[in-house]
Every structure is written in C-alpha cells, then in structure tokens.
Amino acid sequence: MSAVSDRLPTFPWDKLEPYKKTAAAHPDGIVDLSVGTPVDPVPELIQKALVDAADSPGYPTVWGTPELRDALTAWVERRLGARDITHRHVLPVVGSKELVAWLPTQLGLGPGDKVAHPRLAYPTYEVGARLARAGYEVYDDPTELDPANLKLLWLNSPSNPTGRVLSKEELSRTVAWAREHGVLIFSDECYIELGWEADPVSVLHPDVCGGSYEGIVSVHSLSKRSNLAGYRAAFLAGDPEVLGPLLQIRKHGGMMTSAPTQAAAVAALGDDTHVREQRERYLARRTALREALVRHGFRIEHSEASLYLWATREESCWDTVAHLADLGILVAPGDFYGTAGETFVRVALTATDERVAAAVARL
C-alpha cells in the first residue's frame with residue numbers, strides 16, 4: 001500500500017488544520033469559506049425522487065437506466081447546445097472527483113505518457129497522473145505544449161480555483177490543435193451553470209467542436225448546480241469511441257451510481273427552476289463577499305464564474321490565511337492549486353446567508 005500512497009503529495013487540506021482551530025476560536029464562531037461544499041437544502045423534488053426509488057434491491061447498471069440516459073442527452077442538448085447526442089455519447093460516473101483521479105489509469109496511461117493541466121488547477125488532475133505513474137506538466141496555453149507522448153489534456157472552464165472562463169475562440173483553437181496532434185481532451189465543466197460576468201461555453205458546442213465529438217469529452221457534476229455533493233452524481237458526454245471502452249472498464253470495476261441516485265439525477269436534470277434559485281443565492285453571497293473583500297484591501301482577479309473569488313493582498317497566501325483566520329474566516333491558500341497561486345487565496349461562496357453576513361461584518 002505504501003508504494004501507492006508514496007506516489008501522492010501530502011493531502012493539502014491537512015495543512016489548514018491549525019488555521020481552522022484559530023478561526024473556530026472566534027467568539028461568534030468560524031465562517032468556513034475554504035471548501036466549495038454546498039450548504040443549502042437539496043431541492044424537494046430531488047429528495048422525493050430519491051425516496052421513491054429507495055426500494056432498489058437489485059444492482060444498478062454502470063451505464064445507468066434508459067431514463068437517466070434520456071435525461072443526460074436532453075440536458076446536454078438543451079443546456080450545452082450540443083447536437084445529435086445519443087445514449088452512446090453519455091456515461092454516468094460516481095462523482096467527478098473519482099473520474100478525475102482514476103481516468104489516466106482507466107485510459108491505460110503509464111510511465112512515458114504525459115498528462116497536462118492548467119498551471120493553476122484542481123490538485124486531483126496531478127493526483128490522477130501520479131496514480132497511473134504517468135508524467136504530468138502544467139500550461140498557460142495548451143497549444144504551446146510539446147505534443148510528444150501527451151496523451152491527456154485537461155481543460156477547466158470555468159476554472160477552479162480562479163473562476164476564469166475560456167472563450168469559444170480559445171476552446172476551438174485548442175480543440176483543433178489537439179486533434180492535429182492526436183491528443184485526447186477532457187474538459188472539466190462542473191461550474192458551467194455558474195457564470196456571473198461571462199457566459200461559459202462547453203467544448204461540445206458546435207462553434208467549438210465543429211459538430212464533431214472526435215477526441216473530446218466534457219465532465220459535468222450535479223454537486224454544485226443542484227446541491228447534490230452528498231449524492232455523488234456526475235457524468236461524461238462526448239466521443240463514443242472514448243466512452244465505450246470506459247464503460248466496459250467501469251463495468252469490470254463495479255463503478256456504478258446507486259439506483260436511487262440515478263432517479264434523483266433524472267429529476268435534477270429535468271428541472272431548471274431550482275438551478276435558477278440556487279444561482280440567485282450564490283450571486284447575492286458573491287456580491288456581498290466581493291464588496292467586503294475589496295473594501296478590506298483585496299484585489300479580485302478573474303472570478304467571472306464558478307463558486308469562488310480569487311483574491312490577493314499581494315503577500316504570501318499563508319499570511320493572508322492567518323490574517324483571515326484571526327477574524328474567524330477560513331479560506332484556501334492559493335498554493336494548493338499550484339505555485340502560481342502563492343499570493344492568492346480562494347474564497348468560497350458556499351456558506352449560509354447568516355455566515356456570509358458574519359464574514360462581511362468582520363471584514
């Protein structure tokens with residue numbers, strides 16, 4: 001076991017524990033803005049669908065029920081603008097983090113192969129490469145990468161942690177480059193419903209992919225849009241020639257979404273009202289926190305989408321974490337996401353209205 005665990009970096013969140021203790025000692029309690037975990041209730045129609053499917057004694061299928069696949073294809077076409085999406089173009093997964101961590105292994109990558117991800121990025125992209133014993137490298141512009149032995153290119157728009165949104169032009173240029181060099185693209189679009197100052201576009205949009213899904217797969221999650229992080233419900237959409245073999249591998253591995261969760265996902269994907277209502281909650285929290293941070297002396301960079309504010313006081317991120325912890329506010333240090341974030345902190349919008357108001361008052 002140590003041979004596997006030794007490939008991995010220190011789990012970053014463990015480093016925050018001393019600062020969490022400081023913040024928790026505040027007389028009015030901690031305001032935890034360090035993790036993007038939903039705090040608002042699961043919408044009632046989704047809870048009802050879960051309960052109604054609770055009597056599910058048999059094994060679920062890895063590919064999902066026909067009803068789930070219908071819901072996935074309908075959402076991809078309605079929300080992302082993709083065309084001619086069939087059941088072969090979609091695949092449920094057990095939460096997107098599981099997919100990110102194990103994708104290089106499931107693709108058969110190993111020593112000598114390379115995985116690339118943005119310079120500032122979700123740490124699990126690197127973890128996935130390490131688990132597969134593949135190499136990994138970061139980029140500012142993916143088209144400037146050396147394509148030799150590059151087998152997997154991660155895109156992430158809207159970005160975690162920065163909230164940056166890639167334009168149609170940037171995405172289409174990257175897709176063309178990757179196809180020219182035979183590089184597989186996985187585009188992490190888990191925050192696509194949460195655009196504030198930009199309208200995020202999917203790599204599956206015809207203006208980006210030219211109506212062909214060859215060599216591209218998008219990753220989506222119900223955790224943020226529907227408050228379903230506890231359900232572990234996510235899915236892939238894109239190239240059937242990639243998803244077909246992944247389906248077979250995941251069958252062998254028993255990577256199946258529970259039947260009640262599949263039913264809940266059908267309800268979630270079929271309803272846009274709860275998504276609009278949740279967006280309004282996050283927008284109000286974002287507006288209040290952004291204004292308070294700026295007044296406190298922070299500069300906000302990017303942050304035009306997603307569930308975070310990417311903020312700096314032009315000092316070590318750990319000095320900023322300590323300063324805010326003294327106010328009872330816990331945030332994530334930017335170097336969790338790469339050395340380029342060493343003067344930034346990531347401030348999540350995922351706290352209750354009452355806790356956000358407390359943070360604003362302290363700032």
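Bear in mind the structure is a predicted one, so any value in this text is a computation, not a measurement. (Residues numbered from 1 in each chain as written. Predicted model: local features only at pLDDT ≥ 70, side-chain atom pairs only at ≥ 80, totals over all residues. Heavy atoms only, no water.)

Caption draft 1: Just the sheet that holds strand β13 (residues 344-348), in detail. Strand order in the open sheet formed by 4 strands is β9-β10-β13-β12, with antiparallel pairing between adjacent strands. The open sheet has two edge strands, β9 (299-301) and β12 (332-333), and neither has a second partner. Direction of pairing for strand β10 (residues 308-312) relative to β13: antiparallel, over a ladder of 5 bridges. Bridge pairing links Ala311 to Val345 in β13. (Pairing = 2+ DSSP bridges. Helix = DSSP H or I, 4+ residues; strand = E, 2+ residues; numbered from the N terminus.)

Caption draft 2: Highlighting the packing of aromatic side chains. A full pass over the atoms with the stated rule returns 11 aromatic pairs. Their ring planes at 55 degrees and their centres at 6.4 Å tell us that Phe336 and Tyr337 sit as a pair that is tilted. In this structure Phe336 comes out as buried when scored by relative accessible area, which is 8%. Assessed through its relative accessible area of 4%, Tyr337 is described here as buried. Within the aromatic cluster, the residues linked to one another by ring pairs are Trp13, Tyr19, Trp310, Trp318, Phe336, Tyr337 and Phe344. Over the ring of Trp63 we find Arg69; its NZ or CZ atom is 3.9 Å from the centre of that ring. Here Arg313 stacks its cationic end above the ring of Phe298, 5.9 Å away from the centre of that ring. (Phe/Tyr/Trp six-rings, centres within 6.5 Å; stacked < 30°, edge-to-face > 60°. Buried < 20%, exposed > 50% of the residue type's maximum accessible area, 1.4 Å probe, protein only. Lys NZ or Arg CZ within 6 Å of the ring centre and 35° of its normal.)

Caption draft 3: Fine view of helix α10 (residues 259-269). In terms of residue burial, α10 counts as a mostly covered element, since 8 of its 11 residues are buried. Among the residues of α10, those classed as buried are Pro260, Thr261, Gln262, Ala264, Ala265, Ala267, Ala268 and Leu269.

Caption draft 4: Up close: the sheet that holds strand β3 (residues 114-118). Strand order across the open sheet formed by 7 strands is β2-β8-β7-β6-β5-β3-β4, with mixed pairing between neighbours. The open sheet has two edge strands, β2 (90-93) and β4 (135-139), and neither has a second partner. Ignoring which end each strand starts from, the neighbouring axes of this sheet average 20 degrees apart. As paired strands, strand β6 (residues 184-188) and strand β7 (residues 216-221) are joined by 4 bridges and run parallel to one another. Looking at β7, one finds that Phe186 is bridged to Val217. (Axes fitted to C-alpha atoms, helices over the stretch in contact; angles between N-to-C directions.)

Caption draft 5: Seen up close, the environment of Leu91. Here Leu91 lies in strand β2. Residue classification places Leu91 among the buried residues on the basis of a relative accessible area of 1%. The sequence separation of Leu91 and Ala234 amounts to 143 residues, and the corresponding C-alpha distance is 8.8 Å. Excluding its chain neighbours within four sequence positions, the residues that come into contact with Leu91 are Val62, Trp63, Phe235, Leu236, Leu243, Leu246, Leu247 and Arg250. (Contact = heavy atoms within 4.5 Å.)

Caption draft 6: The arrangement of the pairing of β3 in detail. Across the 5 residues that make up β3, a large majority, 5, are buried. Where β3 and β4 come together, 5 bridges link them in parallel fashion. Bridge pairing links Ala116 to Glu137 in β4. In this fold, β3 hands off to helix α6 (residues 124-131), which returns the chain to β4; that crossover is right-handed. One ladder, built from 3 bridges, connects β3 with strand β5 (residues 150-156); its direction is parallel. Its bridge partner being in β5, Lys114 is matched across the sheet by Leu150. (Right-handed = clockwise from strand over helix to strand, strands pointing away.)

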